[in-house]
Amino acid sequence: PPAPLPGGVGTAAWARAGFAEKVQTALHGTKDDRAAILREQNKQLHPFVLKSPHVSPEEVAGWAANAQMSADFLKQISERKEWFTRPAIALALARNPKTPADIAVRAVDYLPIEMLRQMAKGVGALPHVVQAARKKIVPK
């Protein structure tokens, strides 16, 4: 397979690069390369960024909080249990308006009680997520 592009994303070499080269950059590039690929119009490259062995949970939390991300990309984040169960990522997914409703409600299960209390107040979350948080903190 081709190596990541020298010079990185945004260069003239990047504009001429083929799909395979861009995939390799997504898989093996730097944090800045991954961020730039996620700004690309070609959404087919986005899943490869998630498959990179260099991705940190902090990066994933940032992507999960970004309202510019597609619902499919957020769904792919939620499918990785090691990410979805982290409170920071679960909180970001629960608060992101683009997150599909079922995933946002499931994310509430992984939030600590203090975050649940904040969310139950209705601050920064959609109504269905607020309702799920209230159900968690108010036993029947």
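For the structure itself, look to the data block above.
Computed from a predicted structure; not experimentally measured.

Moving on: the environment of A71. Residue placement: A71 occurs in helix 6 (residues 71–78). For A71, a relative accessible area of 30% translates into the label partly exposed. With 29 residues separating them in the primary sequence, A71 and P100 have C-alpha atoms 6.4 Å apart. Beyond its immediate chain neighbours, meaning those up to four positions away, A71 contacts K98 and P100.

Let us look at the nonpolar core. One finds W63, I77, I89, L93 and M119 to be the most contacted residues of the largest nonpolar core, which totals 38 residues. No other element matches the six residues that helix 8 (residues 87–95) contributes to this core. Setting aside its immediate chain neighbours within four residues, I77 contacts L50, V60, W63, A64, W83, I89 and L93.

The next point concerns helix 11 (residues 127–137). When helix 11 is considered as a whole, its buried residues turn out to be V129, V130, A132 and A133. What you see down the axis of helix 11 is that its buried residues fit within an arc of 160 degrees, all on one side. Exposed positions of helix 11 whose direction lies more than 90 degrees from the buried face are P127 and K135. At its buried positions, helix 11 is contacted by helix 8, helix 9 (101–107) and helix 10 (113–120).

The rules behind each value
- Residues numbered from 1 in each chain as written.
- Predicted model: local features only at pLDDT ≥ 70, side-chain atom pairs only at ≥ 80, totals over all residues.
- Heavy atoms only, no water.
- Helix = DSSP H or I, 4+ residues; strand = E, 2+ residues; numbered from the N terminus.
- Buried < 20%, exposed > 50% of the residue type's maximum accessible area, 1.4 Å probe, protein only.
- Contact = heavy atoms within 4.5 Å.
- Core = buried A, V, L, I, M, F, W, Y, C linked by side-chain atoms within 4.5 Å.
- Arc of directions from axis to C-beta.

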